[in-house]
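A look at the structure
So the chains spell out like this:
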Amino acid sequence: MKFTLIYPKWKKLRGQTEFHLPPHGPVVFAATLPRDMEIAFIDENLETIDFNDQADLVGISMMLTSQVKRGWEIADEYRKRGVKAICGGIATMLHSEETSLHADAIFLGEAEGRMEQVLNDFRNNRLRKVYDYLTDFPPIASVGMARRDILKRQLYNYKGIQMVDLFHASRGCRFDCYPCCMSFVGGREFRPRPIKKVVEELTAIDNNRLYIVDNSLSQDMAWEKQLFAEMIPLKKKWCCHPIDDHDEVLDLAAQAGAWFVYQAIFDTSDFIRNRVKRYHDFGIGVEGTILLGLDHHTEDDIHRLIDFLLEIELDVAEFTVLTPFPHTRAFADLHGEGRILSYDWNDYTCDQVVFQPKQMSPERLQDLYDEAWKIFYRDKPQAYRMFELFKRVIDKEMVDGSFQGQQRTQKNRKFGRVKL
Amino acid sequence: MEDLILKLKKEIIDQLQMEGIAPEDLDAEAPLFGEGGVGLDSIDVLELVVLLDRNYGMKIRAPKEEGPKIFYSIKTIAEYILDQQKK
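Now for a description of the structure that goes with this document.

Right, let's talk about the overall build of chain B for a bit. When its secondary structure is counted, chain B shows four helices and zero strands. Each helix (α) and strand (β) of chain B, taken in turn from the N terminus, gives the series α-α-α-α. Computed over its C-alpha atoms, the radius of gyration of chain B comes to 12 Å, within 12% of the 12 Å expected for a compact globule of 87 residues. In terms of principal-axis extent, the alpha carbons of chain B reach across some 35 × 25 × 20 Å. Across the 87 residues of chain B, 28% fall into the buried class. Taking as baseline every contact in chain B between residues at least 6 positions apart, the subset at least 24 positions apart corresponds to 56%.

Here we take up the overall build of chain A. Across its full length, chain A carries 14 helices and 16 strands. Structurally, chain A occupies a C-alpha span of about 60 × 55 × 45 Å along its principal axes. Per-residue burial for chain A yields a buried fraction of 40% across its 420 residues.

Looking now at the pairing of strand S1 (residues 2–7) of chain A. Residues and elements named next belong to chain A. By the criterion of burial, S1 is predominantly enclosed, with five of the six residues buried. Sheet topology note: the S1/strand S2 (residues 38–43) ladder contains six bridges and is parallel. Within S2, the residue paired with Leu5 across the bridge is Phe41. Handedness of the crossover joining S1 and S2 through helix H1 (residues 25–30) is recorded here as right-handed. Pairing geometry for S1 and strand S3 (residues 57–61), over four bridges, is parallel. The residue of S3 that forms the bridge with Thr4 is Val58.

Residue and element names in this part refer to chain A. Here the phi dihedral of Asn125 falls at roughly 55°; this positive angle occurs in a residue that is not glycine. Tracing the chain through its elements places Asn125 in the loop between helix H5 (115–123) and strand S6 (130–133). Not every positive phi belongs to a glycine, and Glu313 is a case in point at roughly 60°.

Adjacent strands of a sheet pair through backbone hydrogen bonds, lying either parallel or antiparallel. Residue and element names in this part refer to chain A. The six strands are arranged S2-S1-S3-S4-S5-S6 in an open sheet whose pairing can be described as parallel. This sheet does not close on itself; its edge strands, each paired only once, are S2 and S6. The average undirected angle you get between the axes of adjacent strands in this sheet is 15°. On top of the sheet, helix H2 (residues 68–80) reaches S1, S3 and strand S4 (84–88); it is set at about 160° to S4, its chief contact.

Bringing the sheet that holds strand S9 (residues 165–167) of chain A into the picture now. Residue and element names in this part refer to chain A. The strand order S9-S12-S13-S14-S15-S16 describes an open sheet built from six strands, whose pairing is parallel. The sheet is open, and its two edges are formed by S9 and strand S16 (316–321), each paired on a single side. Going across the sheet, the axis of each strand differs from the next one's by a mean of 20°, ignoring polarity. When strand S15 (residues 285–292) meets S16, the two strands line up parallel, connected through six bridges. Looking at the pairing, Ile290 lines up with Phe319 of S16. Relative to the sheet, helix H13 (residues 362–376) contacts S15 and S16, its axis offset from that of S16 by approximately 175°.

Take helix H10 (residues 270–281) of chain A next. Each full turn of the α-helix corresponds to 3.6 residues, which orients residues three or four apart in the same direction. All names here are of chain A. Helix length check: H10, at 12 residues, gives a terminal C-alpha distance of 16 Å against a target of 16 Å (1.5 Å per residue), a fit within 8%. Those residues of H10 not exposed but buried are Ile272, Arg275, Val276 and Tyr279. For H10, the arc enclosing every buried residue in end-on projection is 90°, short of the 170-degree limit, so these residues lie on one face. Residues Asp270 and Asp281 are exposed on H10 and point more than 90 degrees away from its buried face. In this fold, the buried residues of H10 make contact with strand S14 (258–265) and S15.

With that settled, the discussion passes to the interface of chain A and chain B. Contact with chain A, which involves 16 residues of that partner, is made by 14 residues of chain B. In terms of residues, the side of chain A that touches chain B owes the most to one element, helix H14 (residues 382–400) of chain A, which gives seven residues. Taken together, the residues of the side of chain A that touches chain B sort by class into eight nonpolar, two polar and six charged.

With 13 residues, H2(A) should reach 18 Å at 1.5 Å per residue; the first-to-last C-alpha distance of 18 Å fits that figure. Those residues of H2(A) hidden inside the fold are in contact with S1, S3, S4, helix H3 (90–94) and helix H4 (96–100) of chain A.

All names here are of chain A. Among the five residues in strand S5 (residues 105–109), five count as buried, and that is most of the element. Summarising the sheet, S4 and S5 pair through two bridges and their orientation is parallel. Bridging across to S5, Cys87 finds its partner in Ile106. Of the strand pairs in this sheet, S5 and S6 are connected by four bridges, and their pairing is parallel. Bridge pairing in S6 places Gly109 opposite Tyr133.

A word on the nonpolar core. Residue and element names in this part refer to chain A. Residues Val261, Ile290, Leu292 and Ala372 are the most contacted members of the largest nonpolar core, which totals 123 residues. Here the element with the most residues in this core is H13; it accounts for six residues. Residue contacts for Val261: discarding those within four places in its chain leaves Cys239, Cys240, Pro242, Ile243, Tyr279, Ile284 and Val286.

Rules behind the numbers
Numbers given to residues run from 1 along each chain, matching the order in which its sequence is written. Chain labels run from A onward and ligand labels from 1 onward, assigned in the order the entries are written. Side-chain atom pairs in this predicted model are given and counted only at pLDDT of 80 or more, local residue features only at pLDDT of at least 70, and totals for whole chains, interfaces and linings cover all residues. For the purposes of this entry, the term helix denotes a DSSP run of H or I that reaches at least four residues, the term strand denotes a run of E that reaches at least two, and both are numbered from the N terminus. For this measure, only C-alpha atoms enter the radius of gyration; the expected value for a globule follows 2.2 Å times N^0.38, where N is the number of residues. Partly exposed residues are those whose C-beta has more than 12 but fewer than 20 other C-beta atoms within 10 Å; 20 or more makes a residue buried and 12 or fewer makes it exposed, with C-beta atoms placed from the backbone. Once C-beta atoms have been placed from the backbone, residue pairs whose C-beta atoms lie within 7 Å are recorded as contacts. Criterion used throughout: strands pair if DSSP finds at least two bridges between them. Orient the strands so they point away from the viewer, and a crossover whose first-strand-to-second-strand path over the helix runs clockwise is right-handed. Note on definitions: angles span 0 to 180 degrees between N-to-C directions of axes, and those axes are lines fitted to C-alpha atoms, for helices only across the stretch in contact. A helix's residues, less one, multiplied by 1.5 Å, set its expected span. What the arc describes is the spread of directions from the helix axis to the C-beta atoms. Residues are grouped as follows: nonpolar covers Ala, Val, Leu, Ile, Met, Phe, Trp, Tyr, Cys and Pro; charged covers Asp, Glu, Lys and Arg; every other residue, Gly included, is treated as polar. To form a nonpolar core, buried Ala, Val, Leu, Ile, Met, Phe, Trp, Tyr and Cys residues must be joined through C-beta atoms within 7 Å.

As structure tokens, this is what we get:
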């Protein structure tokens, strides 16, 4: 049986250097399929889909809201050819009703231990319209080793540099941040994977550079310390979401190879200033994800925020506009107040203003968003800041002897903008 | 200075494997980064640092402060090399 698994393309963030990381959702999902099943994985951001590929069943894995419309088109195309399509992933959970109009089945929730049943239903021609496990989480220990073997690794190589592999050590998030849908899709209970399994999987990844995609590692300090301590001998280098601001934790993280942290920044508080300083004190870089357009943000605030980022010597900045994704508190507020201007999910790319801001016009916020990129990268261009961040990891690797150098045979490999 | 700029252009084209580009196609004063300039990326900067070290013995010791000024254009790289050679 041939299972074609597709990751639909989406429009990348305007202003940011284009890059493509090997997707995480599809490889984690693939681990829930029978080992002997033929899986053909297509990352549409980098490959073209052959709709006549003789698939028996098609799976469409969607992480982002900006992927769903393309995902629906793909499902429609296959179904026109008589091939059944099943959709899953975070964005399917956020857009379940609309997605079910385009799919033979939608899978909501986490797939571990559930795919045998789905595949049996498919073989017996009794596929259910909805498999709803949204709040019924499987045991965290049942999360298997992600099937990175389904990836075409050379696609994620840029000029001989292999992009980071994605990895997760936990699920769930006890925080419920205003613009985030994670509490809806993964629940508010922190569910760490057993450290032994985490280390096994990390050891097996044929890449020294990783992106630990957990919502936040700062959820259970005892687990966090144990995780970092166990990671030290692996000599991996990695980026991640926030780490606890605690001397011992930060020291262990640095020893375990923390390269840079992806930190949300939405104000000019001493909390943020100290957070960034503390990471830097431990030799850990910081990429800020700067959210513009919150209700209290005035024009002056946004200008002050950009100056603040330069002042605190943030390494790299990624600017985004508040985007009210379904099943977030932001959506509930803005939708409830009639302030959402577009429900076209292709506009939900985080670089377009899709709501009526409180303190200015949508057009003015859009202009400020573009200005933010220009001002932050005026004196030190994005390519140079990224070089500095990259140099940071090379220096760490040189120290512990894990540096592997460029793959010369891939030196001419580049990414390009995919036409959408 | 002109000789050094020409030499640098050839070395950069070679190091970065800029196929189909001749030295005269590169404007020595154009910004190396961003649209409208040479359009180098972060990996190219790394290659340039390696090139300066290997061919000129130049260590970019404090890239945070001086880097963006040195790597503004091919001309500024040439000026930096000459300046270092005088020291």
